[in-house]
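One-letter residues, chain by chain:
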Amino acid sequence: MLLLAFTWAITAPIWFTHGVQSHPTAAAPARRDGSADVDWGSIRCPAANSPETFPTPSYRTEKGLFLVCTEQVINATPQDVYHALLDFQAYSAWNSFVRYVALPADVVKTPDDVYVGLVTRFTTAGILPLVNTTSVEIVTVTKGSFDDGSSPGEGEPAPGTTAGRYLMAAWRYDDGLHGAAERSEHPNILVDRGDGTTLYISYETFFVGPGALLLLPLKDTLQKLYTQQGLDLKAYIEKGV
Ligand SMILES: *[C@@H]1O[C@H](CO)[C@@H](O)[C@H](O)[C@H]1NC(C)=O
């Protein structure tokens with residue numbers, strides 16, 4: 001996410017002069033092929049300052065430049081957390097980072113009307129001082145049911161328990177240039193802890209490219225915003241709204 005109009009203005013000359021736009025790399029399409037090459041349910045945030053990055057559903061084999069990641073144990077079921085995450089119309093009620101999500105006319109009610117391929121526009125606060133920023137985000141994964149056989153693959157529960165199963169929702173940033181400027185994606189993984197609580201893992205990998213290079217100095221800011229967003233979500237859900 002997050003290549004703002006602002007950054008655009010700064011970076012446009014760079015990729016135009018380097019001819020990137022005339023040789024756009026093929027952006028990985030959103031994949032729903034169910035290939036089980038990534039065990040999403042076992043992903044956990046690395047230690048702070050680790051150089052590690054994770055693949056994402058749309059960009060499984062690309063090289064990450066940097067990662068922001070946060071985890072929270074939320075006292076609610078994965079289904080409840082999933083519902084809140086895709087209830088984009090309610091974001092302004094709890095999310096200090098994503099202040100508003102603009103939706104197309106075919107989405108009347110969230111989360112019910114959210115679908116893979118949905119194009120949204122996020123208004124975000126806190127990346128730059130004093131101004132809001134916007135980014136186009138496209139929903140890439142809606143795995144809202146344990147029975148949902150669609151991509152990505154389901155974690156194997158331990159026998160006789162639901163622990164370890166997970167739900168997942170993800171969206172990717174769209175730079176309007178087929179990924180030539182910036183490729184990044186935000187998976188949210190909701191692991192069932194088997195006791196009515198959920199381990200919420202939220203991360204975004206920024207893949208090697210001009211956009212990620214420009215955002216690299218903002219990594220600590222982005223990490224703080226992600227951490228706060230996780231805390232916001234936990235507070236909102238546990239308040240029982
Ligand atoms: C940022 O966006 C929010 C939600 O749309 C709005 O309430 C707020 O006034 C905006 N802030 C600025 C500085 O534009």
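Relevant structure appears above.
Residue positions are counted from 1 within each chain, in the order its sequence is given. Two thresholds apply to this predicted model, a pLDDT of at least 70 for residue-level local features and 80 or more for giving and counting side-chain atom pairs, whereas whole-chain, interface and lining totals are computed over all residues.

Side note on unusual backbone geometry
With omega at 5 degrees, the peptide bond leading from threonine 110 into proline 111 counts as cis. Positive phi outside glycine occurs at asparagine 49, with the angle close to 70 degrees. Going along the chain from the N terminus, every DSSP run of H or I of four or more residues is numbered as a helix, and every run of E of two or more is numbered as a strand. Its place among the elements puts asparagine 49 in the loop between helix H1 (5–17) and strand S1 (64–74). Positive phi is not limited to glycine here, since histidine 178 has a value of about 55 degrees. Locating histidine 178 in the fold gives a position in the loop between strand S5 (166–173) and strand S6 (184–192). Looking at histidine 178, the number of C-beta atoms within 10 Å reads 14, which means it is partly exposed. To assign burial, the other C-beta atoms lying within 10 Å of each residue's own C-beta are counted, with C-beta atoms placed from the backbone; 20 or more indicates buried, 12 or fewer indicates exposed, and intermediate counts indicate partly exposed.

Thoughts on the environment of histidine 83
Structurally, histidine 83 can be placed in helix H2 (residues 78–86). Taking the C-beta count within 10 Å as the criterion, histidine 83 has 18 such neighbours and is therefore assigned partly exposed.

Brief notes about the environment of glutamine 223
The topology assignment puts glutamine 223 in helix H5 (residues 219–238). Remark: the alpha-carbon pair of glutamine 223 and tyrosine 203, spanning 20 residues in sequence, is separated by 9.3 Å.

What about the pairing of S5?
Of all the eight residues making up S5, eight are buried; the element is thus mostly covered by neighbouring parts of the structure. In the sheet, strand S4 (residues 131–143) pairs with S5 via six bridges, with the strands oriented antiparallel. Along S5, the bridge assignment pairs threonine 142 with alanine 169. In this analysis, strands are considered paired if DSSP registers two or more bridges between them. Examined bridge by bridge, S5 and S6 share seven bridges and lie antiparallel to one another. Bridging across to S6, methionine 168 finds its partner in isoleucine 189.

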